[in-house]
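Next come the chains, spelled out residue by residue.
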Amino acid sequence: MAVAAARAESEAPILLQELNDSGVLRLTLNRPAQRNALSIALMQSLIAALDDAARDRRARVVVIAGAGPAFCAGHDLRELSTENKREAFERIFALCSELMLKIVRLPKPVIAEVHGIATAAGCQLVATCDLAVAAAEARFATPGVNIGLFCSTPMVALTRAVGRKPAMEMLLTGELIDAATAKSLGLVNRVVPAAELRTSTEALARQIAGKSAFSVAIGKEAFYRQAELDLATAYRYAAEVMTRNMLAEDAREGIDAFLEKRPPVWRDA
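The model shown is predicted, which means the values in this text are computed figures rather than measured ones. (Residues numbered from 1 in each chain as written. Predicted model: local features only at pLDDT ≥ 70, side-chain atom pairs only at ≥ 80, totals over all residues. Heavy atoms only, no water.)

## Overview of the overall build of the protein
Then step 1. The number of helices and strands found in the protein is twelve helices and nine strands.
Then step 2. Taken over the C-alpha trace, the protein has a radius of gyration of 20 Å; the compact-globule value for 269 residues is 18 Å, and the two agree within 12%.
Then step 3. Taken along its principal axes, the extent of the C-alpha atoms in the protein is 60 × 45 × 40 Å.
Then step 4. Looking at the protein as a whole, 42% of its 269 residues qualify as buried.
Then step 5. Counting only carbon and sulfur atoms, one obtains 57% of the accessible surface of the protein, whose full area is about 14400 Å².
Then step 6. Both charge centroids of the protein, one from 32 positive and one from 31 negative side chains, sit 2 Å from each other. (Helix = DSSP H or I, 4+ residues; strand = E, 2+ residues; numbered from the N terminus. Rg over C-alpha atoms; globule rule 2.2 N^0.38 Å. Buried < 20%, exposed > 50% of the residue type's maximum accessible area, 1.4 Å probe, protein only. Areas by Shrake-Rupley, 256 points an atom, 1.4 Å probe, with all protein chains shown as cover. Lys, Arg positive; Asp, Glu negative; His and termini not counted. Charge placed at Lys NZ, Arg CZ, Asp CG, Glu CD.)

The following block contains the structure:
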């Protein structure tokens, strides 16, 4: 039975995809025996799926979840341990960086649905997603320091999601923090009972999917761009974005619908 189960798992796709009628695309990391560790193949599959989502007008919000007992345990250490050349490590970490940038630059919101553990690059994945909903028993850590491998790439996303002091404490101690602490630090948005995790994430995704895809896309891009600018430049940039947004069909429709006290009909343009 154990051999059959292992064979079935090895033949299963490492990334599951499901698009519902509300425009919510669910991407499920499917390496449960490896705690959904980010192998090269899994990162490549995620990048390809996000590229497809960017082109698919039906997909309005992306949810990233994990199969099995954990969300994501970070990089696949067994895969890393088979390499010993600089070029191989550079390719792996460049691929991970490409994945994280793909999430940020996707013109559609990405929500992490977190259960179990999210550690190292798995914690980086949570910090990178636009929003995160966590089960109450979820745990988060950047534990690389415990094995002589400081979580330098996860640090990039973590320090942009939480304050410097708590980020440094996580990086230096490698200790797990619980979901309530993660919420207080700003690493996740909502903490819910495990039994309600999927329905709560789905409700949030559906709520966002009901907005104008055009205004959400322009707003997401502006959110990340303005954060890297000085204050005066950020305001000039944001004013230009608002001007472009005001000239869009959906802005006119939204204002008319508000004044006429009716639901808007988005054209996503």
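## What to know about the side chain of Thr 128
Then step 1. Note that Thr 128 resides in helix 5 (residues 121–128).
Then step 2. A residue is classified by how much of its surface remains accessible, and Thr 128, at 6% relative accessible area, is buried.
Then step 3. Not counting chain neighbours up to four residues away, the residues in contact with Thr 128 comprise Met 100, Ile 103, Val 104, Ala 157 and Tyr 224. (Contact = heavy atoms within 4.5 Å.)

## Things to note about the pattern of salt bridges
Then step 1. For the coordinates displayed, the defined rule picks out 16 salt bridges.
Then step 2. For the salt bridge of Arg 55 with Asp 52, the shortest nitrogen-to-oxygen distance reads 2.6 Å. Highlighted residues: Arg 55 and Asp 52, both in helix 2 (residues 40–55), separated by three residues, approximately one helical turn.
Then step 3. Taking the relative accessible area as the measure of exposure, Arg 55 reaches 60% and is therefore exposed. (Salt bridge = Lys/Arg side-chain N within 4 Å of Asp/Glu carboxyl O.)

## Examining the sheet that holds strand 2 (residues 24–29)
Then step 1. Read across the sheet, six strands follow the order 1-2-3-4-6-9 without closing on themselves; strand pairing throughout is mixed. Whereas interior strands pair on both sides, the edge strands pair on one side only; in this sheet they are strand 1 (15–19) and strand 9 (190–192). Strand-to-strand, the axes of this sheet are offset by a mean angle of 20°, without reference to chain direction.
Then step 2. Here five bridges tie strand 1 to strand 2, and the two strands are oriented antiparallel to one another. Bridge pairing in strand 2 places Leu 19 opposite Leu 25. (Pairing = 2+ DSSP bridges. Axes fitted to C-alpha atoms, helices over the stretch in contact; angles between N-to-C directions.)

## Structural notes on a nonpolar patch on the surface
Then step 1. A cluster of nonpolar side chains, Val 145, Phe 150, Met 168 and Leu 172, forms an exposed patch at the surface whose accessible area comes to about 330 Å².
Then step 2. Residue placement: Leu 172 occurs in helix 7 (residues 164–173). (Patch = residues over 30% accessible without salt bridge, like charges linked within 9 Å, V, L, I, M, F, W, Y side chains within 5 Å.)

## Describing the packing of helix 5 against helix 6 (residues 152–161)
Then step 1. Two numbers describe how helix 5 lies on helix 6: the axes approach to 8 Å, and their chain directions differ by 35°. Helix 5 and helix 6 meet at a crossing whose hand is left-handed. Counted together, Ala 121, Cys 123, Gln 124, Ala 127 and Thr 128 of helix 5 and Thr 153, Pro 154, Ala 157, Leu 158 and Ala 161 of helix 6 form the full contact between these two elements.
Then step 2. Residue classes in the contact of helix 5 with helix 6 are distributed as seven nonpolar, three polar and no charged. (Left-handed = near helix turned anticlockwise from the far one by under 90°. Nonpolar A, V, L, I, M, F, W, Y, C, P; charged D, E, K, R; others polar.)

## Concerning empty space enclosed by the protein
Then step 1. Scanning the model with the defined rule gives two cavities of 30 Å³ or more in all.
Then step 2. Its boundaries defined by the atoms lining it, the largest cavity holds a volume of some 50 Å³.
Then step 3. If you trace the largest cavity, you find it lined by Arg 60, Pro 107, Lys 108, Pro 109, Ile 208, Ala 209, Lys 211, Ser 212, Ala 213 and Val 216.
Then step 4. Every element with two or more residues in the lining of the largest cavity is listed here: helix 9 (197–209) and helix 10 (213–227).
Then step 5. Classifying every residue of the lining of the largest cavity by side-chain character gives six nonpolar, one polar and three charged.
Then step 6. Of the volumes computed, that of the second largest cavity is approximately 40 Å³.
Then step 7. Lining the second largest cavity, in full, are Leu 38, Met 43, His 75, Asp 76, Glu 79, Leu 80 and Ile 92. (1 Å grid on protein atoms, 1.4 Å probe; cavity = no way out; pocket = protein on both sides within 12 Å on 5 of 7 lines; lining within 4 Å. Points joined across faces, edges and corners; volume = space filled by probe spheres on them.)

## Regarding helix 11 (residues 231–246)
Then step 1. Given a rise of 1.5 Å per residue, 16 residues ought to cover 22 Å, and the 22 Å separating the end C-alpha atoms of helix 11 matches this to within 8%.
Then step 2. Residues Ala 234, Tyr 237, Val 241 and Asn 245 constitute the buried set of helix 11. Seen along its axis, helix 11 keeps its buried residues to an arc of 85°; they face one direction. What points out from helix 11, more than 90 degrees from its buried face, is the exposed set Tyr 235, Arg 236 and Met 242.
Then step 3. The inward-facing, buried residues of helix 11 abut helix 10 and helix 12 (249–259).
Then step 4. Measuring from the side-chain oxygen of the N-cap residue of helix 11 to the backbone nitrogen of Ala 232 gives 3.2 Å; that N-cap residue is Asp 230. (Expected span 1.5 Å × (residues − 1). Arc of directions from axis to C-beta. Polar contact = N/O pair within 3.5 Å; in protein donor to acceptor, adjacent residues only side chain to side chain.)

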